[in-house]
Amino acid sequence: MNFELTAKQKELQQKAREFAIKEVLPVARYYDEKNDFPMEVIKKAWEEKLLNLAIPQEYGGLGYGLMESIVVVEEIAAACPGIATSIFDNNLGAEPVIIGGNKEQKQRILTELVNEFTLIAFATSEPGMGSDVAGMQCLAEKEGDEYILNGTKYWITNAGYADYISVFATVDPEKRHKGIAAFIVPTDSEGVKTGAHIPKLGQRASNTCSVILKDVRVPKENVLAKPGFGFVLAMQTFAATRPAIGAFAVGCARSAMEYSIDYANEREAFGRPIVNYQAIQQKIADMYKNIQAARLLTYKAAWEADQGIDNNISSACAKAFASDVAMNVTTEAIQIFGGYGYIRTYPVEKLFRDAKLFQIYEGTSEIQRIVISRFATKQYEHGMPNLYDLPSADISEEQEGIDAQKESQKKVKKTSAELGGKYRCTVCGYVYDPVKGDPDGGIDPGTRFSDIPDGWVCPVCGAAKDQFQKI
Ligand code: FE
C-alpha cells in the first residue's frame, strides 16, 4: 500500500495548479457574475492538454487513468468549480465512446477531440427525470439502418457550445432500462436545437441547457449502444466519472478552508486574531480532517477504476461523502468570515453556491445512499458472526467473580452443553446458561432451558421464554 502520488502525477498536479491559478482563478468571479461560458479558458485548457485526459494513446490521447484525471480536477475546481465542470465535461461526454464505441467510432471521434478543439457533451437527463435513468422518455425509432430521435434532454452541461452530444434515448419508455440505446449526435445535425443558458445558483460559468431533438436522423455508424445496452453504458460511464465529482468537491472545500485560515489569521476580535480562539480552531480542524477523508475516498474510487476493480460502491461513497464535506466546509467558511462571508467581495460565498450542485448532479446524494445501503445490507460480507449466533465461552469457576453463584455452581458438575446448551434472548441479547440457572428468577443452577416453566421471563428485558433461541 502506498498513499503517495507518483512523480508523474505530482508533475501533472503542479501543472494543473499553475493553470488553475494563472488562467482560471482570475476570471472565476467574472464568469460567475456574467453567468457566461468561459470558452477562452476551456480552449486554453485544451491547448495545455488538460482536456480529454482519459482518451487512450492509440487515438492520440494522453491515456491517463482516473487517478490522473482527479488530481487535475481537484486543482481546477479549487479555482472555480463551474469552470472545472465545463472542462471535465469532455471526459463525461467522451466516456461512452471510450467504453462503448467501436474501433471506427473511436478513431473518428476521439482523434478529433485530441487534434481539434472539439467539445462533446453527455445527455441522459430530461425535464422529468434525472437520477431515474431508466425512466427517460426521449424516443429513438428505428427506420431502416437509421434511428430517428424525438424528445428533450435537459441539464446538459456544455450543450450550448458542444460539437457532439452522447445522447441516450429509448425505443420504448415502457421497457425502462431494456429499451435504452445511445448515439453520437453532431450538434449541427438537422433537428437539433439547444436552449438558452439556464441561470443557476452556482457553477454559473458552466453552460447548462436543454437539447431539443426533433426528427433527428442518426446513421448506423453513430449508434454507440443498441437498445438494451444503453443503460449499462450510462452506468459504466457514471462509475468512471463519479470519483471526479468527489475530486471537484474536495477542491472546492480545500479552497474554502484555505481562505478561512487566511481570514482567521488576519481578522481580529477582542484584541487578537480569531484563529487564536478554540471555536475557530475546532472548525478548521473539522474542515481539514473531513477534506483528508474525502480525498482518500476519492483516490480509492479512482484507483479501483484504474485497476479494473468494480468501483460502484467506492465511487458512490466518495461522491456522497465529498459532496457533503464541500457543503459543510463552505457553510462553515461563511461562518468564520461572518458578514464578510455572506457578501460577494470575498470568494467563499461563491464556493458555497458552487458546492450545492455536488449533492445534486451525477446522481443525487440520496441515490448514492440507496446504492450504498443496498450493498451494505445485502451484499457486504460481515467479519463477525451473526448477532444472534454470537459465541459465549464457558468461563472456569476461578474466573467467576460472583461468590454466591460460585458456591451454587460447585454443585453443578455438568457443562452447559451437557445440560442442553445456552439460550439467547432475541430481544435483549441476555444469555441463559443452564450451569448458572437464574437464581433471581427461581431457576436453580443445573436447570435445562427446556425444563424452565412457561411463565418464566427474561431477567433483563422481560421477554417470554419462546423469544429465546439456542446458541
Ligand atoms: Fe431479554
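Here, every reference points to the structure presented above.
Report on the accompanying structure. Computed from a prediction, not measured in an experiment: that's the story for all the values here.

Reading the values: rules and limits
- Residues numbered from 1 in each chain as written.
- Predicted model: local features only at pLDDT ≥ 70, side-chain atom pairs only at ≥ 80, totals over all residues.
- Heavy atoms only, no water.
- Donors = N, O, S within 2.8 Å, 3.2 Å for Na, K, Ca; no water.
- Helix = DSSP H or I, 4+ residues; strand = E, 2+ residues; numbered from the N terminus.
- Core = buried A, V, L, I, M, F, W, Y, C linked by side-chain atoms within 4.5 Å.
- Buried < 20%, exposed > 50% of the residue type's maximum accessible area, 1.4 Å probe, protein only.
- Contact = heavy atoms within 4.5 Å.
- Phe/Tyr/Trp six-rings, centres within 6.5 Å; stacked < 30°, edge-to-face > 60°.
- Lys NZ or Arg CZ within 6 Å of the ring centre and 35° of its normal.
- Expected span 1.5 Å × (residues − 1).
- Bend = angle between axes of the 7 residues up to and from the residue.
- Axes fitted to C-alpha atoms, helices over the stretch in contact; angles between N-to-C directions.
- Parallel < 35°, antiparallel > 145°, perpendicular 65-115°, else oblique.
- Left-handed = near helix turned anticlockwise from the far one by under 90°.
- Nonpolar A, V, L, I, M, F, W, Y, C, P; charged D, E, K, R; others polar.
- Pairing = 2+ DSSP bridges.

1. Considering the coordination of the iron ion
Right, so step 1: C425 (SG), C428 (SG), C458 (SG) and C461 (SG) make up the full set of protein donors to the iron ion, lying at 2.2 to 2.4 Å.
Right, so step 2: Within one chain, the residues serving as donors to the iron ion are arranged as C-x2-C-x29-C-x2-C. Residue C428 is located in the loop between β11 (423-425) and β12 (431-432), and its partner C458 is located in the loop between β12 and β13 (468-470); the two are separated by 30 residues in the primary sequence.

2. Brief notes about the nonpolar core
One broad rule of soluble globular proteins: the nonpolar side chains tend to lie buried together.
Right, so step 1: Within the largest apolar cluster, 90 residues are counted, with the highest numbers of intra-cluster contacts made by I76, I83, L149, F183, F248 and F358.
Right, so step 2: Look past the residues within four positions of F183 in its chain and what remains in contact with it is A140, Y147, L149, I165, S166, V167, A169, V218, N222, V223 and L224.
Right, so step 3: Counting residues in each nonpolar core, the second largest holds 25 residues, with Y59, I109, M129 and I184 among its members.

3. As for the packing of aromatic side chains
Right, so step 1: Applying the stated criterion to the full structure yields 22 aromatic pairs.
Right, so step 2: Ring geometry for W46 versus F117: centroids 5.9 Å apart, planes at 55 degrees, classification tilted. Taken together, the positions of W46 in helix α2 (residues 39-47) and F117 in the loop between α5 (103-115) and β1 (120-123) put the pair 71 residues apart, joining distant regions of the chain.
Right, so step 3: Under the relative-accessibility criterion, W46 is labelled buried at 19%.
Right, so step 4: Pairing Y432 with W456 gives two aromatic rings, centres 5.8 Å apart and planes at 70 degrees, and the pair type is edge-to-face. Taken together, the residues span a long stretch of sequence, with Y432 in strand β12 and W456 in the loop between β12 and β13 at a distance of 24 residues. Like W456, Y432 is buried.
Right, so step 5: Among the aromatic side chains, those forming a connected cluster through ring pairs are Y423, Y430, Y432, F449, W456 and F468.
Right, so step 6: Lying across the ring of Y277, R272 places its NZ or CZ 4.5 Å from the centre.

4. Quick look at helix α6 (residues 230-266)
Right, so step 1: A rise of 1.5 Å per residue sets the reference length of α6, with its 37 residues, at 54 Å; its end C-alpha atoms lie 54 Å apart and thus fit the reference within 8%.
Right, so step 2: Of all the bends in α6, the largest measures some 35 degrees and sits at A240, one to four residues before the proline P243.

5. Observations concerning the packing of α2 against helix α4 (residues 81-100)
Right, so step 1: Between α2 and α4, the shortest axis-to-axis distance is 10 Å and the interhelical angle comes to 55 degrees. Classified by the interaxial angle, the pair formed by α2 and α4 is oblique. α2 and α4 meet at a crossing whose hand is right-handed. The segment α2 lies against α4, with V41, I42 and A45 engaging I83, S86 and I87.
Right, so step 2: Residue composition of the contact of α2 with α4, grouped by class: five nonpolar, one polar and no charged.

6. Concerning the environment of P391
Right, so step 1: Mapped onto the fold, P391 is located in the loop between α10 (365-378) and α11 (403-410).
Right, so step 2: Overall, the relative accessible area of 66% leaves P391 in the exposed class.
Right, so step 3: Spatially, the C-alpha atoms of P391 and K422 are 9.9 Å apart, while their sequence positions differ by 31 residues.
Right, so step 4: Residues contacting P391, with those up to four places away along its chain left out, are P385 and R424.

7. Observations concerning unusual backbone geometry
Most peptide bonds are trans, and most residues other than glycine sit at a negative phi.
Right, so step 1: Even without being a glycine, N52 presents a positive backbone phi close to 55 degrees.
Right, so step 2: Secondary-structure assignment places N52 in the loop between α2 and α3 (66-79).
Right, so step 3: Residue N52 is classed as buried on the basis of its relative accessible area, which comes to 5%.
Right, so step 4: In this structure, Q203 takes a positive phi of about 45 degrees despite not being glycine.
Right, so step 5: Mapped onto the secondary structure, Q203 falls in the loop between β6 (192-194) and β7 (208-218).

8. Considering the environment of A162
Right, so step 1: If you trace the backbone, A162 turns up in the loop between β3 (146-157) and β4 (164-170).
Right, so step 2: Taking the C-alpha atoms as reference points, A162 and Y430, separated by 268 residues in sequence, lie 65 Å from one another.
Right, so step 3: Residues in contact with A162, not counting those within four places in the same chain, are L119, A121 and T187.

9. Considering the sheet that holds β11
The strands making up a sheet associate through hydrogen bonds between their backbones, and the pairing can be parallel or antiparallel.
Right, so step 1: Across the sheet, which stays open at both edges, the three strands sit in the order β12-β11-β13 with antiparallel pairing between neighbours. Looking at the sheet topology across the chains shown, the edges are occupied by β12 and β13.
Right, so step 2: In this structure, β11 lies alongside β12, joined through two bridges in antiparallel fashion. When the sheet's bridge partners are listed, R424 is paired in β12 with V431.

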